[in-house]
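Survey of secondary and tertiary structure
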Amino acid sequence: MPEAIKKEQRSRRGEILDGARHCFAKFGYDGATVTRLEEATGQSRGAIFHHFGSKEGLFLALAEEDADQMAEVTASSGLVEVMRDVVAHPDRHEWLGTRLEIVGRLRTDADFRRKWLAHQEHLDDAVRSRLRDTAEAGSLRDDYSPEVLRLLLELMLDGVITRLATGRSAEGMDEVLDLIEESVRRR
């Protein structure tokens, strides 16, 4: 396939992802109908399904893209920096509020859960690696295992996302994030 066509397909795929992110944020997973996704992306259902196979495939592609971005930030700066970005730029992360909506689906749909958790595992691996590097540098507290600290950070990220997704204030979150960061550091 010629490079120009590949470039155009990547561009169209990116446009679909951007429009879908806004659509899922505005209407939730169930409310983001194919018709609304067509309107939000400016693409036909044929184009959407060509690139992603289904609405679920599109949703999971967004999850993968976000997991990749979060893993990249985590690798260089830590998971608390991901939380800081979510707090500082809630508009860029508002689609994550759909996590609240899909919790039930994660419990009842084993195939969807497996796919979702595969994306989460990518982020978890980045956190594990960052914690391992921090421990080797002597900066990570050693009275708890790195896996316990990873779980603490994961729970905190879920809490930040939930708080913002429910429309609650982010006031004071900078200090809370400082406290979270200090809680995993060696004293």
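For every chain, the first residue of its written sequence is number 1, and the numbers climb from 1 along that sequence. This being a predicted model, a pLDDT of at least 70 is required before a residue's local features are given, and a value of 80 or more before pairs of side-chain atoms are given or counted; all residues contribute to the totals for chains, interfaces and linings. Note that the side-chain values use all heavy atoms of the structure and ignore hydrogens as well as water.

1. Overview of the environment of aspartate 91
To keep things clear, this is the line we draw: To qualify as a helix, a DSSP run of H or I must reach at least 4 residues; to qualify as a strand, a run of E must reach at least 2; elements of each kind are numbered from the N terminus.
Tracing the backbone shows aspartate 91 in helix H6 (residues 90-93). A sequence separation of 69 residues divides aspartate 91 from histidine 22, and the C-alpha atoms of the two residues are 9.2 Å apart.

2. Observations concerning the packing of helix H2 (residues 34-41) against helix H3 (residues 45-52)
To keep things clear, this is the line we draw: The convention used is that axes are lines fitted to C-alpha atoms, helices contributing only their stretch in contact, and that angles between N-to-C directions extend from 0 to 180 degrees. Note that the term roughly parallel is reserved for angles under 35 degrees, roughly antiparallel for angles over 145, roughly perpendicular for angles of 65 to 115, and oblique for everything else. Whether two residues touch is decided by their heavy atoms; if any such pair falls within 4.5 Å, the residues are in contact. Here the nonpolar group is Ala, Val, Leu, Ile, Met, Phe, Trp, Tyr, Cys and Pro; Asp, Glu, Lys and Arg are the charged ones; every other residue, Gly included, is treated as polar.
With their axes 9 Å apart at the nearest point, H2 and H3 run at an angle of 95 degrees to one another. In terms of orientation, H2 lies roughly perpendicular with respect to H3. Each of Val34, Thr35, Leu37, Glu38 and Thr41 in H2 lies in contact with H3, whose residues at this interface are Arg45, Ile48 and Phe49. In the contact of H2 with H3, the residues fall into 4 nonpolar, 2 polar and 2 charged.

3. As for the packing of helix H9 (residues 146-165) against helix H10 (residues 173-184)
In the contact formed by H9 and H10, the axes pass within 10 Å of each other and the chain directions differ by 170 degrees. The angle between the axes of H9 and H10 places the two elements in the roughly antiparallel class. Between H9 and H10, the residues in contact are Leu149, Leu152, Leu153, Met156, Val160 and Arg163 and Met173, Leu177, Ile180, Ser183 and Val184, respectively. Looking at side-chain class alone, the contact of H9 with H10 contains 9 nonpolar, 1 polar and 1 charged residues.

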